[in-house]
Amino acid sequence: MYLSLIDPLKTIEGISIAVMAILGIGWGVAKFWKSKEKTDNFIAIHTEIHELLTELRLSAESMRATVLQFHNGEYFMDGISMRKFSITHESSHRGYISQAVKFKNVLCSLYIPLLNRILEDKAIIYHVESMPESYAKHFFEDENISHYACLPVKNKAINVGFILIQWHEDFKPNMDKEHAMMEHFRTIKDSIELQLSYQRN
């Protein structure tokens with residue numbers, strides 16, 4: 001009689017273990033594919049952004065095109081967040097040094113003249129000489145930048161960053177082509193905003 005009770009219990013236990021094993025494998029496979037999908041999505045998005053920046057740099061005949069995004073940093077003693085921005089994508093002409101390190105965790109308060117231009121949201125080529133005396137102007141001068149253009153990058157109507165095009169002293173823009181170049185700049189900006197909107201947490 002005891003044997004007759006034990007055998008069904010062993011069978012039930014065995015089935016339970018098998019079901020748990022199958023569920024565990026299924027969960028693991030689902031997690032793997034979800035992770036893979038996110039990874040593939042991340043790579044595809046940022047590859048496309050880099051390609052768009054290269055297209056922008058070449059069409060604008062500039063030395064550098066970058067995407068910079070705003071983020072929080074540490075906090076001041078009064079608890080106010082340090083507003084910062086960093087380069088997240090960059091396309092540079094061969095022979096020109098990357099600015100990825102120089103534009104990493106940069107305080108927004110140092111670049112107010114540049115941020116004002118970004119907020120104006122105008123596709124215009126600006127001359128560095130026209131900037132007011134500031135850290136931003138001195139930085140561009142030290143980098144031998146003669147001209148720049150910038151447009152905000154938005155997500156759900158919120159400014160999340162900006163795109164910056166730079167021309168070097170020996171790589172100045174052809175102002176006769178300004179209108180066509182800046183029209184294309186807006187088109188590329190819209191495409192980059194679209195790609196960034198595809199990002200997943």
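Residues numbered from 1 in each chain as written. Predicted model: local features only at pLDDT ≥ 70, side-chain atom pairs only at ≥ 80, totals over all residues. Heavy atoms only, no water.

K.L.:
Looking at this structure, how should I read the overall build of the protein chain?
P.N.:
A tally of regular secondary structure across the protein chain gives four helices and six strands. Overall, the protein chain shows an N-to-C arrangement of helices and strands of α-β-β-β-α-β-α-β-β-α. For the protein chain, the proportion of its 201 residues judged to be buried stands at 35%. Across the protein chain, contacts joining residues at least 24 apart in sequence account for 58% of those joining residues at least 6 apart. When the accessible surface of the protein chain is summed, it comes to about 12500 Å², and 60% of that surface belongs to carbon and sulfur atoms. (Helix = DSSP H or I, 4+ residues; strand = E, 2+ residues; numbered from the N terminus. Buried < 20%, exposed > 50% of the residue type's maximum accessible area, 1.4 Å probe, protein only. Contact = heavy atoms within 4.5 Å. Areas by Shrake-Rupley, 256 points an atom, 1.4 Å probe, with all protein chains shown as cover.)

K.L.:
For this particular structure, what's the right way to read the confidence of the model for the protein chain?
P.N.:
Detailed conclusions should not be drawn from predicted coordinates in areas where pLDDT is low. Averaged over all residues, the pLDDT of the protein chain is 85; the fraction at 70 or higher stands at 80%. Mean pLDDT across the elements of the protein chain bottoms out in helix α1 (residues 2-59) (64) and peaks in strand β4 (residues 126-127) (98). Between residues 23-36, whose pLDDT stays under 50, and residues either more than four places distant or in other chains, the model counts zero contacts. (pLDDT = per-residue confidence, 0-100.)

K.L.:
What should I look at first to understand the pairing of strand β1 (residues 64-75) in this one?
P.N.:
Along any regular strand, the residues point their side chains to alternate faces of the sheet. As paired strands, β1 and strand β2 (residues 81-92) are joined by ten bridges and run antiparallel to one another. From the neighbouring strand, L68 faces β2, where its bridge partner is I87. Between the end of β1 and the start of β2, which pair antiparallel, lie five residues, with G79 showing a positive phi angle near 90 degrees. Bridge analysis of β1 against strand β6 (residues 158-168) gives six bridges, and the strand direction is antiparallel. Following the sheet pairing, A65 is matched in β6 by I165. (Pairing = 2+ DSSP bridges.)

K.L.:
Before we go on, may I ask you to explain the pattern of salt bridges in this structure?
P.N.:
Two side chains that carry opposite charge are able to pair once their charged atoms sit near each other. Counted according to the given criterion, the structure contains ten salt bridges. Where K84 meets E74, a salt bridge forms, and the shortest distance between an N and an O atom there is 2.8 Å. One end of the pair, K84, is in strand β2; the other, E74, is in strand β1, with ten residues separating them in the sequence. Salt bridges sharing partners connect three or more residues here, namely K189, D190 and E193. (Salt bridge = Lys/Arg side-chain N within 4 Å of Asp/Glu carboxyl O.)

K.L.:
It is not clear to me how helix α4 (residues 178-197) should be interpreted in this structure. Could you clarify?
P.N.:
Note that an α-helix has 3.6 residues per turn; residues three or four places apart therefore point the same way. With 20 residues, α4 extends 28 Å between its outermost C-alpha atoms, agreeing within 8% with the 28 Å of an ideal straight helix rising 1.5 Å per residue. If you check which residues of α4 are buried, you get M181, M182, F185, I188, K189, I192, E193, Q195 and L196. One side of α4 holds all its buried residues, which, seen down the axis, span an arc of 155 degrees. Of the exposed residues in α4, the ones pointing more than 90 degrees away from its buried face are H179 and A180. (Expected span 1.5 Å × (residues − 1). Arc of directions from axis to C-beta.)

K.L.:
Just checking my understanding: could you explain helix α3 (residues 135-142) for this structure?
P.N.:
Within α3, burial applies to A136, K137, F139 and F140. Buried residues of α3 fall within an arc of 160 degrees about the axis and therefore sit on the same side. Residue N144 follows α3 closely and has a positive phi angle near 60 degrees.

K.L.:
Explain the packing of aromatic side chains to me, please; I cannot follow it from the model alone.
P.N.:
One pair of aromatic rings is described through two measures. These are the centre distance and the angle between the planes. Across all of its chains, the model carries 13 aromatic pairs by this definition. Ring geometry for Y111 against Y135: centres 5.5 Å apart, planes inclined by 85 degrees, an arrangement best described as edge-to-face. Taken together, the residues Y111 in the loop between β3 (106-107) and α2 (112-120) and Y135 in helix α3 connect sequence positions 24 residues apart. Members of the aromatic cluster, joined through ring pairs, are F70, F85, F103, Y111, Y126, Y135, F139, F140, Y148 and F162. (Phe/Tyr/Trp six-rings, centres within 6.5 Å; stacked < 30°, edge-to-face > 60°.)

K.L.:
Before we go on, may I ask you to explain the environment of K154 in this structure?
P.N.:
With respect to the helices and strands, K154 occurs in strand β5 (residues 145-155). On the accessibility criterion, K154 (35% relative accessible area) is partly exposed. In this structure, the C-alpha to C-alpha distance between K154 and S197, residues 43 residues apart in sequence, is 9.1 Å.

K.L.:
What am I meant to see in the nonpolar core here?
P.N.:
What tends to happen in soluble globular proteins is that the nonpolar side chains get buried as a cluster. Counting residues in each nonpolar core, the largest one holds 22 residues, and the members touching the most others are F85, F103, Y111, L114, F140, Y148 and L164. When contributions to this core are tallied by element, the ones reaching two or more residues are β2, α2, α3, β5 and β6. Every residue in contact with L164, bar those within four places of it in the chain, is listed here: R64, A65, T66, L68, L114, F140, Y148, A149 and C150. Counting 21 residues, the second largest nonpolar core, distinct from the first, contains I49, A65, I125 and L196. (Core = buried A, V, L, I, M, F, W, Y, C linked by side-chain atoms within 4.5 Å.)

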